[in-house]
Amino acid sequence: MRKLVHRPRRLRRSPALRNLVRETALNAHDFVLPLFVSEKVTSRKAIASMPGVFQLAPSEIADEAERARDAGLQAILLFGIPTTKDEEASAAYAENAVVQQAVRAVKSRCPDLVVITDVCLCEYMSHGHCGVTRLDGEHFHVLNDETVELLAGTAVSHARAGADIVAPSDMMDGRVAAIREALDAAGFTDIAIMSYAAKFASAFYGPFREAAESPPQFGDRRSYQMDPANADEALREAALDVDEGADILLVKPALPYLDILWRVRERFGKPTAVYHVSGEYAMLKAGAANGCFEERAAVFEVMTSLKRAGADLIITYWAKELAEWIRE
Ligand SMILES: [Zn+2]
């Protein structure tokens, strides 16, 4: 009888065979491009901590969206920076506020581009927290139910402007159900909800706060964002959002939370998104600028790891470049 020998792994040796059996391939439609639209600028303004990322003027947003679509992207995620902030975040849900106008501009130029809107109050609150707050001497409390009501109103106003998906990023309790109910009541039964099911209190959000001009003026967000040490809690949070009617579950940040992404995708079997956040972007940019690695190769490796870990959608500041690189 012929002795069985360990055979070499031939599939890996030839580029053609390697490509044939590759398990994970990136496509332009895996990516969602976050865009910042600011009422405070009249032309694009660079964000120092995020090379290549800009705040856009309201007059520029449709052009930028069109470029994203032409590169092959199917979706953008809009964040707004208002001229005025107050303690009720009224610029979040006013009919002609910055995001509402941007959505209309994008939709009239690119009707087929999926527009996702960030639904939160921190960019619109004078104190920079994600909800209505009450100060008790040294301590502050975020008032959950009052916040949820404003979030639901914000989501409906985004839908009225033409948004396809609303993305509540606040992490208040019960907000997905409240938003679903408000959307349905207003006749927007087809508008989907992408919920930040697991948003961790992360060190990697720093550059975003410059981009969105939303650093908290006091305290931090640890009372409503999750402890990076907790994975089971993330699954419980995601389960609540599923029960409340979330259509897409989002995990944020990305690379330090691949296990969460994997478990959420496996457990719920729902479309799952991951947000490769500003600090992760800045870190790779800095590494590449210092010659530690080649940018494109590093970005591809990271994005592949996110998709391999279960991401159906990847929100990344490289979305447009990725679409172009993939086409090459
Ligand atoms: Zn927020």
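Predicted model, so just to flag it, every value in this text is computed and none were measured.

Turning our attention to the coordination of the zinc ion. Every protein donor of the zinc ion is listed here as Cys 120 (SG), Cys 122 (SG) and Cys 130 (SG), and their distances to the metal cover 2.3 Å. Donor residues for the zinc ion sit on one chain with the sequence pattern C-x1-C-x7-C. Side by side, Cys 122 and Cys 130 carry an identical accessibility label, which is buried.

A complete count under the given rule lists 17 salt bridges for this structure. Two residues, Arg 44 and Glu 64, come together in a salt bridge whose shortest N-O distance is 2.6 Å. Of this pair, Arg 44 sits in the loop between β1 (31-38) and β2 (45-46) while Glu 64 sits in helix α2 (residues 61-71), placing them 20 residues apart in sequence. Residue Arg 296 pairs with Glu 328 through a salt bridge whose shortest N-O separation is 3.1 Å. On the criterion of sequence distance, the pair formed by Arg 296 in helix α11 (residues 295-308) and Glu 328 in the segment after α12 (319-327) is long-range, its members being 32 residues apart. Salt bridges here are not isolated pairs; linked through shared partners, they connect Asp 63, Glu 66, Arg 69, Asp 70 and Arg 109.

Before going further, it helps to spend a moment on α2. Within α2, burial applies to Ile 61, Ala 62, Glu 64, Ala 65, Ala 68 and Ala 71. Following α2 by one or two positions, Gly 72 adopts a phi angle in the positive range, close to 115°.

For the bond running from Lys 252 to Pro 253, omega is -10°, close enough to zero to count as cis. Mapped onto the elements, Pro 253 comes out in the loop between β10 (248-252) and α9 (258-268). Backbone geometry at Ala 89 places phi at a positive 55°, although glycine is not the residue there. Position of Ala 89 relative to the elements: it lies in the loop between β4 (75-81) and α3 (90-93).

Evaluation of the coordinates by the stated rule reveals 9 aromatic pairs. Arranged with centres 6.2 Å apart and planes meeting at 10°, the rings of Phe 36 and Tyr 317 form a pair that is stacked. Of the two residues, Phe 36 is situated in strand β1 and Tyr 317 in the loop between β12 (313-315) and α12; the sequence distance between them amounts to 281 residues. On the accessibility criterion, Tyr 317 (5% relative accessible area) is buried. An aromatic cluster is defined as three or more aromatic residues linked by ring pairs; in this entry it consists of Phe 36, Phe 79, Phe 208, Tyr 275, Tyr 281, Tyr 317 and Trp 318. Between the NZ or CZ atom of Arg 44 and the centre of the ring of Phe 54, over which it lies, the distance is 4.8 Å. Sitting over the face of the ring of Tyr 275, Lys 252 holds its NZ or CZ atom 4.5 Å from the ring centroid.

In this approach a probe as big as a water molecule rolls over the atoms, and the regions it shows empty are the leftover space. Here the structure, examined in full by the defined rule, presents 1 cavity of 30 Å³ or more. Here the largest cavity is characterised by a volume of approximately 120 Å³. What lines the largest cavity is a set of 14 residues, among which Cys 122, Lys 199, Phe 208, Arg 221 and Lys 252 lie closest to the centre. Looking at the lining of the largest cavity residue by residue, the classes come out as 5 nonpolar, 3 polar and 6 charged.

Turning our eyes to something else, we now look at the layout of surface pockets. Of the volumes computed, that of the largest pocket is approximately 220 Å³. Forming the boundary of the largest pocket are 15 residues, of which Leu 35, Gly 52, Val 53, Phe 54 and Glu 64 lie nearest the centre. Mapped by element, the contributors of at least two residues to the lining of the largest pocket are β1, β3 (54-56), α2 and α12. A per-element tally of the lining of the largest pocket places β1 first, with 4 residues.

Of all the 6 residues making up strand β5 (residues 114-119), 5 are buried; the element is thus mostly covered by neighbouring parts of the structure. Here 4 bridges tie β5 to strand β8 (residues 165-168), and the two strands are oriented parallel to one another. Bridge pairing in β8 places Thr 117 opposite Val 166.

All right, on to the environment of Asp 232 then. Topologically, Asp 232 is positioned in helix α8 (residues 232-244). Taking the C-alpha atoms as reference, Asp 232 lies 22 Å from Leu 313; in sequence the two are 81 residues apart.

Looking now at α9. Think of an α-helix as 3.6 residues a turn; residues three or four steps apart then line up on the same face. Among all positions of α9, only Ile 260, Leu 261 and Val 264 are buried. In a view along the axis of α9, the buried residues occupy a sector of 100°, so they form one face of it. Packing partners of the buried residues in α9 comprise β9 (192-199), α8, β10, β11 (272-275) and α11. Looking one or two residues beyond α9, the residue adopting positive phi is Gly 269, at roughly 60°.

Conventions used here
- Residues numbered from 1 in each chain as written.
- Predicted model: local features only at pLDDT ≥ 70, side-chain atom pairs only at ≥ 80, totals over all residues.
- Heavy atoms only, no water.
- Donors = N, O, S within 2.8 Å, 3.2 Å for Na, K, Ca; no water.
- Buried < 20%, exposed > 50% of the residue type's maximum accessible area, 1.4 Å probe, protein only.
- Salt bridge = Lys/Arg side-chain N within 4 Å of Asp/Glu carboxyl O.
- Helix = DSSP H or I, 4+ residues; strand = E, 2+ residues; numbered from the N terminus.
- Phe/Tyr/Trp six-rings, centres within 6.5 Å; stacked < 30°, edge-to-face > 60°.
- Lys NZ or Arg CZ within 6 Å of the ring centre and 35° of its normal.
- 1 Å grid on protein atoms, 1.4 Å probe; cavity = no way out; pocket = protein on both sides within 12 Å on 5 of 7 lines; lining within 4 Å.
- Points joined across faces, edges and corners; volume = space filled by probe spheres on them.
- Nonpolar A, V, L, I, M, F, W, Y, C, P; charged D, E, K, R; others polar.
- Pairing = 2+ DSSP bridges.
- Arc of directions from axis to C-beta.
- Contact = heavy atoms within 4.5 Å.

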